[in-house]
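In case you want the letters, here they are:
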Amino acid sequence: MLAFSDQLTGLANRGLFYDRVGHALATHAREGSTFAVFFLDLDGFKQVNDKFGHSAGDLVLRVVADRLRSCLRDSDTVARFGGDEFAVIAERLADPDDVHFTAERIVRSVREPIEVGGGREAGVTASVGIALNRPGDTADDILREADLAMYTAKTTGKSRHVLAGAAGGRSAQQV
């Protein structure tokens with residue numbers, strides 16, 4: 001199982017995440033149901049490493065991983081893609097609009113200060129991109145859409161989420 005988990009955080013790694021997205025695409029296509037992929041990047045992470053050192057950066061990544069686990073459902077898959085990038089699959093959404101509430105929970109949770117030792121606090125925020133599954137999507141398609149939406153969140157102010165719409169439209173919300 002070590003081959004499918006990130007050694008630092010214990011989360012799923014990129015390989016396992018791709019596998020889960022492929023499985024979700026097949027399952028949800030049969031059921032006609034909706035799932036979402038969230039792609040997030042930490043804003044300000046480089047400054048944490050520069051100011052406090054890489055061990056503090058590692059601690060921040062572990063704390064963010066724990067926070068993501070705690071603000072998501074047990075059935076959701078959380079992965080570390082590498083560096084300061086994380087991804088989430090939220091399956092069987094009762095209402096696709098619920099992704100906004102989930103993204104807001106993620107952004108608020110990540111924003112909380114993190115004690116890095118010696119009474120010092122590090123602060124990071126999250127830029128989150130979200131893509132919903134569509135008929136005919138591949139794993140690469142949905143991950144690309146979520147990644148592009150995340151970059152839109154980053155370039156339009158950070159500490160926010162952007163939903164890549166099914167018709168190509170996007171909606172941004174800062175929380």
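Everything that follows concerns the structure shown earlier in this document.
A short tour of the structure in this document, coming up. (Residues numbered from 1 in each chain as written. Predicted model: local features only at pLDDT ≥ 70, side-chain atom pairs only at ≥ 80, totals over all residues. Heavy atoms only, no water.)

### What to know about the overall build of the chain
Our working rule: Runs of H or I in DSSP of at least four residues are treated as helices and runs of E of at least two as strands, each being numbered from the N terminus. Atoms counted for the radius of gyration: C-alpha only. Globule rule: 2.2 Å times residue count to the power 0.38. Here's how the labels work: a residue is buried when its accessible area is under 20% of the maximum for its type, exposed when over 50%, partly exposed in between, all with a 1.4 Å probe on protein chains only. Throughout, a residue-residue contact means that at least one pair of heavy atoms, one from each residue, lies within 4.5 Å. Computed by Shrake-Rupley with a 1.4 Å probe, the accessible areas treat only the displayed protein chains as cover when residues are assessed.
Secondary structure assignment for the chain yields five helices and eight strands. Taking 16 Å as the expected radius of gyration for a compact globule of 175 residues, we find that the chain reaches 16 Å, a close match to that expectation. Referenced to the eigenvectors of the C-alpha coordinate spread, the extents of the chain come out at roughly 55 × 40 × 25 Å. For the chain, the residues scored as buried account for 49% of the 175 residues in total. Long-range contacts, defined here as pairs at least 24 residues apart, represent 66% of the contacts in the chain between residues at least 6 apart. Per element, the accessible surface of the chain, about 8300 Å² overall, is 50% carbon and sulfur.

### Observations regarding the nonpolar core
Applicable threshold: Put simply, a nonpolar core is a bunch of buried Ala, Val, Leu, Ile, Met, Phe, Trp, Tyr and Cys residues held in one set by side-chain atoms that sit within 4.5 Å of each other.
Of all hydrophobic cores here, the largest spans 34 residues; its most connected members are F38, V60, V64, L68, F86, I106 and V128. Elements with a minimum of two residues in this core: β1 (36-43), α2 (45-52), α3 (54-70), β3 (85-90), α4 (98-111), β4 (114-117) and β6 (125-132). Filtering out sequence-adjacent residues up to four positions away, V128 remains in contact with F38, F39, L40, A103, I106, V107, A149, M150, A153, R160, H161 and V162. Residues A12, F39, F81 and A131 belong to the second largest nonpolar core, which totals 19 residues.

### A look at the side chain of S159
Keep this limit in mind: Between N or O atoms, a polar contact is any pair within 3.5 Å; within protein, one atom must be a potential hydrogen donor and the other a potential acceptor, and residues adjacent in sequence are included only when both atoms are from side chains.
Along the polypeptide, S159 turns up in the loop between α5 (139-155) and β7 (160-164). Using a relative accessible area of 9% as the deciding quantity, one classes S159 as buried. Side chain to side chain, S159 and R111 meet in a polar contact 3.2 Å long.

### A short note on α5
In an α-helix there are 3.6 residues to a turn, and that puts residues three or four apart on one side. Which entries qualify depends on this criterion: Multiplying one less than the number of residues by 1.5 Å gives the expected span of a helix. Picture the helix axis, draw a direction to every C-beta atom, and the arc is the one those directions span.
Relative to the 24 Å expected for 17 residues at 1.5 Å per residue, α5 spans 24 Å between its end C-alpha atoms, a close match to the ideal helical length. Along α5, the residues classified as buried are A139, I142, L143, A146, A149, M150, A153 and K154. Viewed along the axis of α5, the buried residues span an arc of 145 degrees, placing them on a single side of the element. Downstream of α5 by a residue or two, G157 has a phi angle that is positive, lying close to 135 degrees.

### A look at unusual backbone geometry
In this structure, K158 is a non-glycine residue whose phi angle is positive, near 65 degrees. If you trace the backbone, K158 turns up in the loop between α5 and β7. Residue class for K158 comes out partly exposed when judged on its relative accessible area of 39%. Phi at S159 takes a positive value of approximately 50 degrees, unusual for a residue other than glycine.

### Here we look at the pairing of β1
Stated formally: Note: two strands are recorded as paired if DSSP finds a minimum of 2 bridges between them.
With respect to burial, β1 is a largely interior element, eight of its eight residues being buried. Because side chains alternate across β1, one face comprises the buried residues A36, F38, L40 and L42, and the other comprises V37, F39, D41 and D43, equally buried. Direction of pairing for β1 relative to β3: antiparallel, over a ladder of six bridges. In the sheet register, D41 faces β3, and the bridge partner there is E85. Relative to β6, β1 is paired through eight bridges, and the arrangement is antiparallel. Within the sheet, the bridge partner assigned to A36 lies in β6 and is L132.

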